[in-house]
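Here's the letter readout for the chains.
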Amino acid sequence: MDTTSTPQPQDSSSKRHFHWTNKVGNEDGEVPTSETMSKIVEEDTNTKEEDDKAVPLPAATSQAATRRKLQAMAISRLRSVLTVFGKNRSNLPFGLGSRVVGTLFGYRRGHVHFAFQKDPTSQPAFLIELATPISGLVREMASGLVRIALECDKEKETEKKTVRLLQESVWRTYCNGKKCGFATRRECGAKDWDILKAVEPISMGAGVLPASNNSDGAEAAGSDGEVMYMRARFERIVGSRDSEAFYMMNPDSNGAPELSIYLLRV
């Protein structure tokens, strides 16, 4: 009996089926291999590393915030230093500069008032009333140059006080070397401000303001109503915390000021 087996047609058909399946798989899409999988894993790893780099770490964020805060503090301190330096450089309290507006005024039979302003529209930084009649001061100025010295007492070592020179309240007055009583610092009242507002447009000059039409006729009559004034620009010189000088700037005086006022604390 012959035992040799002949090839079965099923084997060839199974092989053909296998190749057909493989062929169909290649047409629909490439079957992933080990190399392809390794590439995909590598790309995923690179993507995660890029994402990690894009997201800032908490430590880096904290350092950046601290750096910005330090920069803001440095800028703020620099501005403060520049502001203080500007104030100390000017050395001009109450906002007065090296050029001020000075007004001498008073009722015809009243006393002399001096007011110094930063500009014509500002409140006076220094306003005093002298015991000298304004008519006498006008005569002195008509005869020549006038030098007015105002002196106050310096505080004792045991009673140190931080009062600026322009804040002193009582002054001894000297006019061309002659003692003329005392002068007192005062606040700018309504009447004083009305006078300063009336002469506000005047940059330099002297004259008389008419009596104001108010109900206080007795006081106006007692003071003759009219107000004499002289207004000019003054150059302010600060010698120290205990000395200042104001020189009237008059272009027609050949460089010599007609009126000078000295403040001294002795």
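Everything numeric here is computed off the predicted structure, so don't read it as measured data. (Residues numbered from 1 in each chain as written. Predicted model: local features only at pLDDT ≥ 70, side-chain atom pairs only at ≥ 80, totals over all residues. Heavy atoms only, no water.)

Participant: Which residues make up helix 5 (residues 190–198), and what are the values?
Facilitator: Residues Asp-192, Ile-195 and Leu-196 constitute the buried set of helix 5. An end-on view of helix 5 places all buried positions within 95° of arc, on one side of the element. Exposed and facing more than 90 degrees away from the buried side of helix 5 are Ala-190 and Asp-194. Residues of helix 5 that are buried make contact with strand 1 (99–107), strand 2 (111–117), strand 3 (126–133), strand 7 (205–209) and strand 8 (227–240). (Buried < 20%, exposed > 50% of the residue type's maximum accessible area, 1.4 Å probe, protein only. Helix = DSSP H or I, 4+ residues; strand = E, 2+ residues; numbered from the N terminus. Arc of directions from axis to C-beta. Contact = heavy atoms within 4.5 Å.)

Participant: Give a description of helix 4 (residues 134–143) that names residues and reports values.
Facilitator: Along helix 4, the positions that sit buried rather than exposed are Ile-134, Gly-136, Leu-137 and Met-141. Buried residues along helix 4 cover an arc of 155° about the axis, so they all sit on one side. Exposed residues on helix 4 whose side chains face more than 90 degrees from its buried face are Arg-139, Ala-142 and Ser-143.

Participant: Which residues make up the environment of Ala-232, and what values go with them?
Facilitator: With respect to the secondary-structure elements, Ala-232 resides in strand 8. Remark: the alpha-carbon pair of Ala-232 and Val-101, spanning 131 residues in sequence, is separated by 6.1 Å. In contact with Ala-232, not counting residues within four places along its chain, are Val-100, Val-101, Gly-102, Ser-203, Met-204 and Met-248.

Note that all results are geometric; they support no functional claim without further evidence.
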